[in-house]
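So you can see what is in the structure, the chains are spelled out below.
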Amino acid sequence: MVIFDFAGFAGGVMTPSPNIIASTELVSSVFPDPGGVLPVPGYPDDPNILNLVFTWVGPPFQASGGPFPDLEFAGLSALSTYGGVKLTGYSARAVTNNGAATGLPAYNVGEVGAPTVPEPRTWAMMLVGFMAVGHVLRQRGTRRGRRVQTV
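What counts, and at which threshold
- Residues numbered from 1 in each chain as written.
- Predicted model: local features only at pLDDT ≥ 70, side-chain atom pairs only at ≥ 80, totals over all residues.
- Heavy atoms only, no water.
- Helix = DSSP H or I, 4+ residues; strand = E, 2+ residues; numbered from the N terminus.
- Buried < 20%, exposed > 50% of the residue type's maximum accessible area, 1.4 Å probe, protein only.
- Contact = heavy atoms within 4.5 Å.
- pLDDT = per-residue confidence, 0-100.
- Polar contact = N/O pair within 3.5 Å; in protein donor to acceptor, adjacent residues only side chain to side chain.
- Pairing = 2+ DSSP bridges.

Asks: Now, about the overall build of the protein: what can you tell me, with residues and values included?
Replies: Along its length, the protein carries one helix and seven strands. The secondary structure elements of the protein, listed N-terminal to C-terminal, are β-β-β-β-β-β-β-α. Looking at the protein as a whole, 19% of its 151 residues qualify as buried. Partitioning the contacts of the protein with sequence separation of at least 6, the portion at a separation of at least 24 is 76%.

This is the structure in structure tokens:
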């Protein structure tokens with residue numbers, strides 16, 4: 001599964017299974033490339049922002065002889081240095097495990113909340129705020145430094 005444009009990836013990953021690992025890549029391969037995922041309509045992949053990739057590395061399972069119960073992947077999460085959230089696209093590729101399509105790839109896409117890089121306007125407001133705090137502290141220090149001498 002690929003979560004496109006996962007800004008500020010900070011490494012900490014939680015998965016429901018030790019057989020699921022996380023990695024990052026700037027550009028994800030898309031179908032029809034072997035192993036590629038479907039692009040998500042309305043969510044172009046920004047090649048300057050990392051994509052978060054969750055991969056099953058356990059033994060092959062449920063590829064034939066089904067139907068089998070679903071494997072639960074709820075609880076995938078990762079840490080980011082950014083606090084804002086925006087909708088972005090995800091795409092996943094699995095293997096069909098029953099019926100005439102057994103062994104063929106199955107694709108799904110959707111939307112998921114992911115961290116976002118603060119807008120330039122936000123950075124500007126934070127910078128102005130820090131400058132104002134610095135100015136106030138400097139003024140306060142100057143006033144305390146003055147001593148009135150009495151004669």
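So that's the structure; there's more coming.
Asks: Please set out unusual backbone geometry residue by residue, giving values where relevant.
Replies: Phi angles above zero are rare outside glycine, and Asp5 is one such case at about 55 degrees. Note that Asp5 resides in the loop between strand S1 (2–3) and strand S2 (9–14). Asp5 sits in the buried class, given a relative accessible area of 5%.

Asks: Could you give an account of the confidence of the model for the protein, with specific residues and numbers?
Replies: Counting all residues, the mean pLDDT for the protein is 80, and 84% of those residues have values of 70 or more. Within the protein, the lowest mean pLDDT, 77, falls on helix H1 (residues 120–145), and the highest, 90, falls on S1.

Asks: Residues and numbers for the side chain of Ser28, please.
Replies: Within the fold, Ser28 resides in the loop between strand S3 (20–25) and strand S4 (51–56). Its relative accessible area of 6% is what places Ser28 among the buried residues. At 2.6 Å, the side chain of Ser28 and the side chain of Glu25 are in polar contact. Here the side chain of Ser28 touches Asn51 through a polar contact of 3.0 Å, side chain to side chain. In this view, Ser28 contacts Val2, Phe4, Asp45 and Asn51; residues no more than four positions away in its chain are not counted.

Asks: Hey, could you go over the sheet that holds strand S6 (residues 85–95) for me, with residue numbers and the actual values?
Replies: Strand order in the open sheet formed by five strands is S3-S4-S1-S6-S7, and the pairing between neighbours is antiparallel. Where the open sheet ends on each side, the last strands, each with one partner, are S3 and strand S7 (105–115). Relative to S4, S1 is paired through two bridges, and the arrangement is antiparallel. Within S4, the position partnered with Val2 by the bridge is Val53.

Asks: How would you summarise the environment of Phe73 if you had to cite specific residues and measurements?
Replies: Inspection of the secondary structure assignment puts Phe73 in the loop between S4 and strand S5 (77–80). Through-space distance from the C-alpha of Phe73 to that of Ser17 is 8.2 Å; in sequence the pair is 56 residues apart. Beyond its immediate stretch of four places on either side in the chain, Phe73 contacts Pro16, Ile20 and Trp56.

Asks: Now, about the environment of Val30: what can you tell me, with residues and values included?
Replies: Within the fold, Val30 resides in the loop between S3 and S4. Classification of Val30 as partly exposed rests on a relative accessible area of 30%. As for Val30 and Val40, which are separated by ten residues in sequence, their C-alpha atoms are 9.9 Å apart.

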